[in-house]
Amino acid sequence: MKYGYFDDKNKEYVIERPDTPYPWINYLGSEEFFGLISNTAGGYSFYKDASKRRLTRYRYNNVPTDAGGRYYYIYENGSYFSPGWAPQKSELDSYECRHGMGYTVIKSEKNDLKIEMKFFVPQGDNTELHQIKIKNLSQKKRKLKLFSFLEFCLYDAEDDMTNFQRNFNTGEVEVDGSTIYHKTEYRERRNHYTFFTVNQKISGFDTDRESFLGLYNSFAEPQVLEAGKSNDSIAHGWSPIASHFLEVELEAGEEKELIFQLGYIENKDEEKWESPGVINKDKAEKLMEKYNSTAKVEKAFDQLNQHWEKLLSSFSLEHSDPKLERMVNTWNQYQNMVTYNLARSASYFESGISRGIGFRDSNQDLLGSAHLIPERVKQRIKDLAVTQFEDGSAFHQYQPLTKKGNDKIGSGFNDDPLWLIFAVAAYIKETGDYSILEAEVPFNSDKKATIFDHLEASFMHVVNNLGPHDLPLIGHADWNDCLNLSAFSEKPGESFQTVSNKDDSSAESVMIAGMFLTAGPDFVHLAEKVGENGLAKKARTELEKMKKAVNKAGRDEEWFLRAYDYYGDKVGAKGNQYAEIFIEPQGFCIMGGLGLEDGFAEKTLNSVNQRLNSEHGLMILDPTIKEYQINLGEVSSYPPGYKENGAIFCHNNPWVMIAETIIGNGDRAFEYYSKIAPAYREKISDLHRTEPYVYSQMIAGQDAASFGEAKNSWLTGTAAWNFVAITQWILGIRPEFEGLKIDPCIPEDWNGFKVQRKFRGSKFEIEVKNPEHVSKGVKEIFVEGEKIEGQILKDFDKGPVKVEVIMG
Ligand code: GLC
Ligand code: GLC
């Protein structure tokens, strides 16, 4: 069952009823000011860091779910309703929510009133705009009252929901005209404040939550609405909020428009005050002035749309399947931008306080955004590299506000170093900009280094940390955070990721070996590029050794092993009680070129198909682990079918898709793609539950009671990897160091497709034809009518350059 539809032309998902199977959200902002907004205007806003600079409050795991957000109430003759449905669950005559690129519009009708609320963050400013239109559909004059509402967070989100003995005393506000200023802790060390304003004269306000709601009322029944007038309350401690009270008169058929603005301001220390105790409002007033009319707001909205239009024109596909088009052209790229911006910090499953920017996660996210925002990708690579140690290991996470590594989690995840090679290689393949290798970025110790030095440290970290089978040591964990082989956890609540109570020089990861072999050749190329020929040679030798080590000790009979545990026993081997096969090494070892000569790759992928495939995608392991296994760690802590214990972990499905394209099996690659791509699952939204326009991290596996139900939408490496799989390997438009390679591997029944791709300053218009209905193989390529040798587009011309590709 569906709850809406894709409006492809406007790049929107249109939700037709408010009670979606889970709150379906969108993101506002793409630079420094961000908001999460659900289809009923729930959610919150923050500046840069959802943990340390949270501007509005949100309670996770609340009852009912998704309570709290940007609320408006309309009052007339003693009754009132919420035009966005929440919080009142008002029965609306019509409802529609459009989530678009960086904006959300909620439209509804009730009592002969038509309300439209548009929310977005304009480019270049730290502010969120709410453009509210109210139209009188009736034949009579109406006198309405409009109340706004949002609740401030006292900036530090974790402290805000724990440290009440202090926080109930610190809250402070100022009200000036139509603007409510939130200035908690501004009297001492903070030099920032938040404001909420409206571009019209107000008839009253509230800034104290209890005065607005009443102590025992929910958001659905504020006492102010019961009374029909505000209390002009000033918050002293407790919970500061912002609510405006406006009287709106509408003639028959008339429409009026109000612009609300939530803004964030920083002042220099010496410019904090206007007079003792009164905050300096200069910057706030300038910001308000910038967006205080419809014309100004509409202009800002146009600019936002142009921004996205331009961004998404970097890659666009024409195909007979609209589902594929909307994934590739719009939603997958959009999700890639959101994961670039937010990493794993704030979603409806990530509370914004527990994780910063992950070394592994962010490097992978870059694979999906290098073609969109190369300059920012370059900067992120540098930010990540600073958190690397001289031996190549890296802080697993850093906080975006401080850019400092997170001591709590530390380092020791032995896949981390390699992801930096993946990211830098992807950046250079996209841009051709080798100069990044010379960029000076110190190690965490402050030791001077270039990016190339960092890559060398990454590569050597694997070489210097080999185990008994000459395979890479796993450390705390590799990509699979839950496969904890070097520590045995017995205490409830202990972090599986950080506990270390066993010698970590025995457990080994075949997956890291596969990654090493995948990234290694790129490293060799880069070493040669910077004239490090000796190092390149040495690296080649190490790659050969690794290949031998995997072929000797990393294979089971029908697939690649996953690991060796602390005792040297095989993990992911036939005959084991649980988890005989894991997905991760199957994809990565084949990407690393293993098993291609002797048919083992085919055998492996057939095993994956037999053991891991399901109607909802490829499961991460089989059989699921039925009871806690201390030697495997967190993976066995989940009930069978959930998360790393046998769910469809959407992040790693594309590794198998890519492996299938390497052996030329386009039908299977695309079957796996379409099983998990959200647009293809839209029709089962009631089962899938999370948004049908973005990937979720996981879908419950076969052994779960809720097989097919997704969780953890939005912030997942799934987005970047699926984009890589579909665009670079299935459609086969793949940036390489030498140029843009064209190497599709598609289902045999496809006739072809067209792609427009911006690449290193030129624009290619590529038409792929498949007259013989093959899966893979390029017979001829014509550039501007002239046949070229090979499959790489190299001679760049600004374009548009017409390219015709004949498969066969
Ligand atoms: C989560 C983490 C990611 C990890 C994956 C598998 O998605 O963000 O870092 O690789 O789980 O455990
Ligand atoms: C849990 C999750 C895993 C995630 C990790 C992050 O282990 O199962 O997916 O990567 O937490 O710390």
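Quick caveat: nothing in here was measured; it's all calculated off a predicted structure.

**Description of the UniProt feature "domain: Glycoside hydrolase family 65 C-terminal" (unreviewed entry) in the chain**
Here is step 1: Mapped onto this structure's residue numbering, the UniProt feature "domain: Glycoside hydrolase family 65 C-terminal" (unreviewed entry) falls at residues 738-774.
Here is step 2: A helix fraction of 0% and a strand fraction of 54% characterise residues 738-774, whose end C-alpha atoms lie 26 Å from each other.

**Examining the packing of helix α7 (residues 322-342) against helix α20 (residues 718-730)**
Here is step 1: Two elements in contact, α7 and α20, have axes separated by 9 Å at closest approach and are oriented at 145°. The hand of the α7/α20 crossing is left-handed. Of the residues in α20, those touching α7 at L324, V328, N332, Q333, Q335, N336 and T339 are A719, A720, N722, F723, I726 and T727.

**Description of the pairing of strand β19 (residues 255-266)**
Here is step 1: Within β19, 9 of the 12 residues are buried, which leaves it mostly tucked inside the rest of the structure.
Here is step 2: In this sheet, β19 lies alongside strand β12 (residues 127-136) in antiparallel orientation, the contact comprising 9 bridges. Its bridge partner being in β19, K133 is matched across the sheet by E257.
Here is step 3: Here strand β16 (residues 192-198) pairs with β19 via 7 bridges, running antiparallel. When the bridges of β19 are listed, T197 appears paired with Q261.

**Quick look at the sheet that holds strand β25 (residues 508-509)**
Here is step 1: Strand order across the open sheet formed by 3 strands is β25-β26-β27, with antiparallel pairing between neighbours. Looking at the sheet topology across the chains shown, the edges are occupied by β25 and β27 (570-571).
Here is step 2: Relative to strand β26 (residues 563-564), β25 is paired through 2 bridges, and the arrangement is antiparallel. Each bridged residue has a counterpart across the sheet, and for E508 the counterpart in β26 is Y564.

**Things to note about the site of ligand 1**
Here is step 1: Every residue near ligand 1 is listed here: R355, R360, D361, W479, N480, D481, E644, F649 and Q697.
Here is step 2: One of the side-chain N or O atoms of D361 is found 2.7 Å from an oxygen atom in ligand 1.
Here is step 3: Take D481: an N or O atom from its main chain is 3.0 Å from an oxygen atom of ligand 1.
Here is step 4: Relative to its unbound accessible area of 300 Å², ligand 1 is 96% covered by the protein chains.
Here is step 5: Grouping the amino acids of the shell around ligand 1 by side-chain chemistry returns 2 nonpolar, 2 polar and 5 charged.

**Details of the packing of aromatic side chains**
Here is step 1: Applying the stated rule across the entire model yields 59 aromatic pairs.
Here is step 2: For the pair Y22 and F349, a centre-to-centre distance of 5.4 Å together with 20° between the ring planes defines the contact as stacked. Within this pair, whereas Y22 is found in the loop between β2 (12-15) and β3 (25-28), its partner F349 is found in the loop between α7 and β23 (357-358), the two being separated by 327 residues in sequence.
Here is step 3: Relative to W714, the ring of Y693 lies with its centre 6.2 Å away and its plane at 70°, an arrangement referred to as edge-to-face. Taken together, the residues Y693 in the loop between α19 (685-688) and β33 (696-699) and W714 in the loop between β34 (710-713) and α20 connect sequence positions 21 residues apart.

**With respect to the sheet that holds strand β41 (residues 792-793)**
Here is step 1: Here 3 strands make up an open sheet; going across it, the order is β35-β36-β41 and the pairing antiparallel. Of all strands in the sheet, those bounded by a partner on one side alone are β35 (733-736) and β41.
Here is step 2: Of the pairings in the sheet, the one linking strand β36 (residues 739-742) to β41 comprises 2 bridges and is antiparallel in character. When the sheet's bridge partners are listed, L740 is paired in β41 with L793.

**Notes on the environment of I806**
Here is step 1: For I806, the position within the fold is in strand β42 (residues 801-807).
Here is step 2: Of the residues examined, I806 reaches a relative accessible area of 13% and is grouped as buried.
Here is step 3: For I806 and G666, which are 140 residues apart along the polypeptide, the C-alpha to C-alpha distance reads 16 Å.
Here is step 4: Apart from the residues within four sequence positions on either side, I806 is in contact with K769, P771, V778, K779, E780 and F782.

**Some words on helix α17 (residues 666-676)**
Here is step 1: With 9 of 11 residues buried, α17 lies mostly within the body of the structure.
Here is step 2: All buried positions along α17 are accounted for by G666, R668, A669, F670, Y672, Y673, S674, K675 and I676.

**What to know about the nonpolar core**
Inside soluble globular proteins, nonpolar side chains tend to come together where they are buried.
Here is step 1: By size, the foremost hydrophobic cluster in this structure holds 236 residues, and its most contacted members are I381, V550, Y673 and I766.
Here is step 2: With 12 residues, helix α12 (residues 510-529) is the single largest residue contributor to this core.
Here is step 3: Mapping this core onto the domain boundaries places at least three of its residues in each of domain 1 (4-309) and domain 2 (733-807).
Here is step 4: Sequence-distant contacts of I766, that is, excluding residues within four places in its chain, are made with I733, L740, I742, F753, K754, V755, L793, V803 and V805.
Here is step 5: With 15 residues, the next largest nonpolar core counts Y71, Y75, L213 and L225 among its residues.

**Digging into the UniProt feature "domain: Glycosyl hydrolase 94 supersandwich" (unreviewed entry) in the chain**
Here is step 1: As annotated by UniProt and renumbered to match this structure, "domain: Glycosyl hydrolase 94 supersandwich" (unreviewed entry) occupies residues 11-293.
Here is step 2: Between the end C-alpha atoms of residues 11-293 the distance is 26 Å, and the span holds 11% helix and 44% strand.

What counts, and where the lines are drawn
- Residues numbered from 1 in each chain as written.
- Chains lettered and ligands numbered in written order.
- Predicted model: local features only at pLDDT ≥ 70, side-chain atom pairs only at ≥ 80, totals over all residues.
- Heavy atoms only, no water.
- UniProt positions renumbered as here; feature names shortened; annotations may be inferred.
- Helix = DSSP H or I, 4+ residues; strand = E, 2+ residues; numbered from the N terminus.
- Axes fitted to C-alpha atoms, helices over the stretch in contact; angles between N-to-C directions.
- Left-handed = near helix turned anticlockwise from the far one by under 90°.
- Contact = heavy atoms within 4.5 Å.
- Buried < 20%, exposed > 50% of the residue type's maximum accessible area, 1.4 Å probe, protein only.
- Pairing = 2+ DSSP bridges.
- Near = heavy atom within 4 Å.
- Polar contact = N/O pair within 3.5 Å; in protein donor to acceptor, adjacent residues only side chain to side chain.
- Areas by Shrake-Rupley, 256 points an atom, 1.4 Å probe, with all protein chains shown as cover.
- Nonpolar A, V, L, I, M, F, W, Y, C, P; charged D, E, K, R; others polar.
- Phe/Tyr/Trp six-rings, centres within 6.5 Å; stacked < 30°, edge-to-face > 60°.
- Core = buried A, V, L, I, M, F, W, Y, C linked by side-chain atoms within 4.5 Å.
- Domains from an automatic or database assignment.

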